[in-house]
Amino acid sequence: MKMEKQLATGWGGIVVLLTSLRLVGTNPTAHGWFGGLAVLTVVLVAWQITRVLASWRGDNLTVKATWQLVWQHRWRWGLAMVWLTLLTLPFGLWGLSSRLLVRLRLSATLINFVGLHRHVLGGIAIMGYLVLAIAGGYYLPQFLRRIAPYPLPPCQKGWWRSGWWGIGGGFLGLFTAELLVGVAWWSGSRLPESFSRPMTVGLAFLIWAVLSAVGVWLFIGVLRLAGGQSAAFGSPWRLPDWRLLISLVLIGGLNAWQAVNQQPQFMATAIISHRGVDAGHGVQNTLGALRHVSKQRPAYVEMDLHETKDRHWVVLHDENLQQLAQRSVTPHDLTLKQLQRLVVRENGYRDHLVGWETYLRAAEAKHQRLLVEMKTTPQDTPRMIQRFARQYGQRLIHDHDAVHSLDYRVVTRLKQKVPRLPVGYITPFNWVSPRSVPANFYSFQRISLSQEFILAAAQQRINTYVWTPDTSVAMARMWALGTNGQITNEASRLRRVIHQPVATQRWAVLQNFVLSYI
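Computed from a predicted structure; not experimentally measured. (Residues numbered from 1 in each chain as written. Predicted model: local features only at pLDDT ≥ 70, side-chain atom pairs only at ≥ 80, totals over all residues. Heavy atoms only, no water.)

Visitor: What am I meant to see in unusual backbone geometry here?
Guide: Trans is the common state for peptide bonds, and a negative phi is the common state for residues other than glycine. At the junction of Gln263 and Pro264, the peptide bond is cis and its omega measures out at 5 degrees in the coordinates. Tracing the sequence through the fold places Pro264 in the loop between helix H10 (242-261) and strand E1 (270-274). Residue Thr468 follows Trp467 across a cis peptide bond; omega there is -15 degrees. Along the chain, Thr468 turns up in the loop between strand E10 (463-467) and helix H18 (472-481). (Helix = DSSP H or I, 4+ residues; strand = E, 2+ residues; numbered from the N terminus.)

Visitor: Help me out: how do you make sense of the packing of aromatic side chains in this one?
Guide: Remark: the centre distance and the inter-plane angle together describe each pair of aromatic rings, the angle taken between the planes. On inspection of all chains with the given rule, the structure shows 17 aromatic pairs. Considering the side-chain rings of Phe91 and Tyr129, the 6.2 Å spacing of their centres and the 55 degrees angle between planes classify their relative orientation as tilted. Of this pair, Phe91 sits in the loop between helix H4 (74-88) and helix H5 (97-101) while Tyr129 is found in helix H7 (residues 118-147), placing the two residues 38 residues apart along the sequence. When the centroid spacing of 5.3 Å and the interplanar angle of 85 degrees are considered together, the rings of Tyr408 and Tyr425 count as edge-to-face. Highlighted residues: Tyr408 in helix H16 (residues 408-417) and Tyr425 in strand E8 (residues 423-426), separated in sequence by 17 residues. There is no split in this pair, since Tyr408 and Tyr425 are both buried. Put simply, the rings of Trp313, Trp356, Phe388 and Tyr392 pair up and form one aromatic cluster. Its end group placed over the ring of Phe34, Arg103 keeps NZ or CZ at 4.3 Å from the ring centre. Cation over ring: Arg369 sits above Tyr300, and NZ or CZ is 4.4 Å from the ring centre. (Phe/Tyr/Trp six-rings, centres within 6.5 Å; stacked < 30°, edge-to-face > 60°. Buried < 20%, exposed > 50% of the residue type's maximum accessible area, 1.4 Å probe, protein only. Lys NZ or Arg CZ within 6 Å of the ring centre and 35° of its normal.)

Visitor: Quick question: what am I supposed to make of the side chain of Asp380 here?
Guide: Here Asp380 shows up in the loop between strand E6 (370-374) and helix H15 (384-398). Within the buried set, Asp380 has no salt-bridge partner at all; the shortest N-O distance to an opposite charge, 7.2 Å, is to Arg409. Within the structure, the side chain of Asp380 is placed 2.8 Å from the side chain of His332, a separation counted as a polar contact. Among the polar contacts listed, one links the side chain of Asp380 to the backbone nitrogen of Thr377, at a separation of 2.7 Å. Sequence-distant contacts of Asp380, that is, excluding residues within four places in its chain, are made with Glu307, His332 and Lys375. (Lys, Arg positive; Asp, Glu negative; His and termini not counted. Salt bridge = Lys/Arg side-chain N within 4 Å of Asp/Glu carboxyl O. Polar contact = N/O pair within 3.5 Å; in protein donor to acceptor, adjacent residues only side chain to side chain. Contact = heavy atoms within 4.5 Å.)

Visitor: Explanation requested: the nonpolar core in the structure shown.
Guide: If you look at soluble globular proteins, the nonpolar side chains tend to sit buried side by side. Counting residues in each nonpolar core, the largest one holds 63 residues, and the members touching the most others are Trp77 and Ile207. The dominant element in this core, judged by the number of residues it contributes, is helix H1 (residues 2-25), at nine residues. Residues in contact with Trp77, not counting those within four places in the same chain, are Ala46, Ile49, Thr50, Val70, Phe143 and Ile147. By size, the runner-up hydrophobic cluster in this structure holds 49 residues, among which are Leu287, Ala439, Tyr442 and Ala456. (Core = buried A, V, L, I, M, F, W, Y, C linked by side-chain atoms within 4.5 Å.)

Visitor: For this particular structure, what's the right way to read the pairing of E10?
Guide: Here five bridges tie strand E9 (residues 441-445) to E10, and the two strands are oriented parallel to one another. Residue Tyr442 lies in a different strand from E10, and its bridge partner there is Thr464. Each parallel crossover has a hand, and for E9 linked through helix H17 (residues 451-458) to E10 it is right-handed. Bridge analysis of E10 against strand E11 (residues 485-488) gives three bridges, and the strand direction is parallel. Bridge pairing links Tyr465 to Gly485 in E11. As a crossover connection, the stretch from E10 through H18 into E11 is right-handed. (Pairing = 2+ DSSP bridges. Right-handed = clockwise from strand over helix to strand, strands pointing away.)

Visitor: What am I meant to see in a nonpolar patch on the surface here?
Guide: A surface patch of nonpolar side chains, about 430 Å² in accessible area, is lined by Ile126, Met127, Leu130 and Ile134. Along the chain, Met127 falls in helix H7. The exposure class of Met127 is exposed, given its relative accessible area of 52%. (Patch = residues over 30% accessible without salt bridge, like charges linked within 9 Å, V, L, I, M, F, W, Y side chains within 5 Å. Areas by Shrake-Rupley, 256 points an atom, 1.4 Å probe, with all protein chains shown as cover.)

Visitor: Where do I start with a positive patch on the surface in this structure?
Guide: On the surface, a cluster of positive charge is contributed by Arg311, Arg383, Arg390, Arg413 and Lys417. On the secondary structure map, Arg383 appears in the loop between E6 and H15. Among the residues examined, Arg383 registers a relative accessible area of 52% and is labelled exposed. (Charge placed at Lys NZ, Arg CZ, Asp CG, Glu CD.)

Visitor: Please clarify how the environment of Arg22 should be interpreted in this entry.
Guide: Within the secondary structure, Arg22 is located in helix H1. Distance from Arg22 to Gly95, taken between C-alpha atoms, is 6.6 Å for residues 73 residues apart in sequence. Dropping the residues within four chain positions of it, Arg22 is found in contact with Trp94, Gly95, Leu96, Arg99, Asn255, Phe513, Ser516 and Tyr517.

Visitor: Is there a simple way to think about the pairing of E6 in this case?
Guide: Regular strands place their side chains on alternate faces of the sheet. Within E6, five of the five residues are buried, leaving the element largely enclosed by the surrounding structure. Burial of E6 is two-sided: the residues Leu370, Val372 and Met374 facing one way and the residues Leu371 and Glu373 facing the other way are all buried. Here strand E2 (residues 300-307) pairs with E6 via five bridges, running parallel. Bridge pairing in E6 places Val301 opposite Leu370. Bridge count for E6 against strand E7 (residues 402-405) is three bridges, and the pairing is parallel. By the bridge assignment for E7, Leu371 is matched with Ala402.

Visitor: Help me out: how do you make sense of the side chain of Ser492 in this one?
Guide: Of note, Ser492 is situated in helix H19 (residues 491-498). For Ser492, a relative accessible area of 18% corresponds to the buried category. In this structure, Ser492 is in contact with Asp278 and Gln296, ignoring residues within four places of it in sequence.

Visitor: Help me understand the pattern of salt bridges, please; the structure alone is not making it clear to me.
Guide: Counted under the stated rule, the structure contains seven salt bridges. Notably, a salt bridge pairs Glu357 with Arg361, separated by 3.4 Å at the nearest N-O pair. With a gap of four residues between them, Glu357 and Arg361 both fall in helix H14 (residues 356-365), about one helical turn apart. Classification of Glu357 by relative accessible area gives partly exposed; the value is 26%. Between Glu373 and Lys375 there is a salt bridge; the shortest N-O distance is 2.9 Å. Side by side, Glu373 and Lys375 carry an identical accessibility label, which is buried.

Encoded structure:
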């Protein structure tokens with residue numbers, strides 16, 4: 001009983017440190033405290049697993065003996081922690097993934113190379129991840145036997161059942177957390193504002209408690225599977241030392257309060273029509289779609305430009321026209337006049353491709369601001385961006401338009417030629433500090449976005465847009481994260497979402513909180 005209480009205290013200590021890391025890591029500039037807590041957490045995890053391995057024989061190691069074993073295997077522990085971090089980084093890492101990545105500073109050239117070759121490099125990364133996971137699963141039992149204080153006994157009958165039971169319990173805990181999010185959604189429109197926020201904090205605390213237990217429970221399940229044991233590991237449900245229990249309640253409450261009240265949150269949101277379309281009315285990037293969506297008065301109409309064979313620009317997103325025009329040609333294969341004769345079809349509509357000059361004049365006639373995405377390909381003429389800046393830079397400034405691109409070279413060259421033109425960088429995924437790629441604004445990819453990236457940009461007084469939330473749930477989540485604008489195919493739907501009372505959307509804060517863990 002004493003051993004189990006000590007093990008439960010160890011698990012509780014790990015939860016306290018991990019939660020403290022979440023709190024400190026919220027500030028992207030708090031490097032010292034974050035690094036110190038991270039090292040302390042790694043040491044405590046090594047300590048706890050060593051004591052767990054000793055418990056398989058019923059022994060209770062002394063503090064000195066435990067430290068000696070951890071130090072003896074310090075290099076193995078270091079490699080194991082690197083493996084564990086790399087393996088869990090894409091899946092939240094207890095909410096620490098974004099807090100680690102937002103501190104990563106790399107050269108803009110490297111970041112741009114990865115972004116432009118993301119499909120090839122992404123496939124390589126997936127293969128490497130699978131190799132890492134398979135190799136880790138194979139060597140994990142050997143690792144446990146090497147660091148164990150004593151030779152481990154043979155696998156006990158039924159060990160697999162206890163291991164999978166632990167993992168199944170983890171998924172049950174996640175389901176419980178989602179039920180609590182559902183409670184927030186149900187009560188949001190039924191409770192007064194004065195009660196809504198405190199209740200959301202309380203639900204966030206319960207979610208934290210459930211997810212903390214889930215984390216320990218899953219860890220125990222993995223250890224049982226890897227070690228082939230069904231012995232006790234220190235139940236996550238057994239209460240630790242009362243002083244640590246008070247610390248858990250305090251740190252959990254602070255974590256819940258911070259999650260619900262952290263700013264920016266529910267900011268005034270600019271509605272940006274993706275490819276100039278709203279709710280499938282019209283063909284993307286055409287004049288017909290522009291005429292329809294401009295009636296909604298979005299903050300911007302986002303559209304795309306490709307260079308043509310005769311060094312003009314056509315309003316088009318895809319590099320190949322197979323999908324829209326059923327012709328396997330690229331903009332560089334045809335002149336602008338040839339492209340404008342093509343009929344494109346989408347959403348049950350048909351229209352013609354349009355040149356950039358014509359589209360720009362139509363937007364100016366309707367006093368509609370544009371967010372221009374500059375597409376680049378290897379076939380572009382060498383000084384295409386400089387030519388665009390010379391011909392249209394001052395005109396775009398006069399119209400209060402903006403430009404963004406997936407190619408960071410576009411950002412730097414436009415800023416050199418037209419410093420007053422707002423130019424943003426589009427992130428295909430969020431994996432480095434925004435400070436690595438300075439820009440006037442950022443268009444963040446939605447799936448991997450977290451509040452830490454938005455806060456890092458806000459600390460530089462830089463606006464953040466997100467692409468492309470199209471469902472009401474995704475829109476509410478991005479609004480709760482505090483983005484300054486949303487680039488969406490459903491502009492009218494977004495308008496309805498952001499005009500809802502904030503109290504009815506606080507469930508989205510809890511949903512973001514849950515997703516940050518996984």
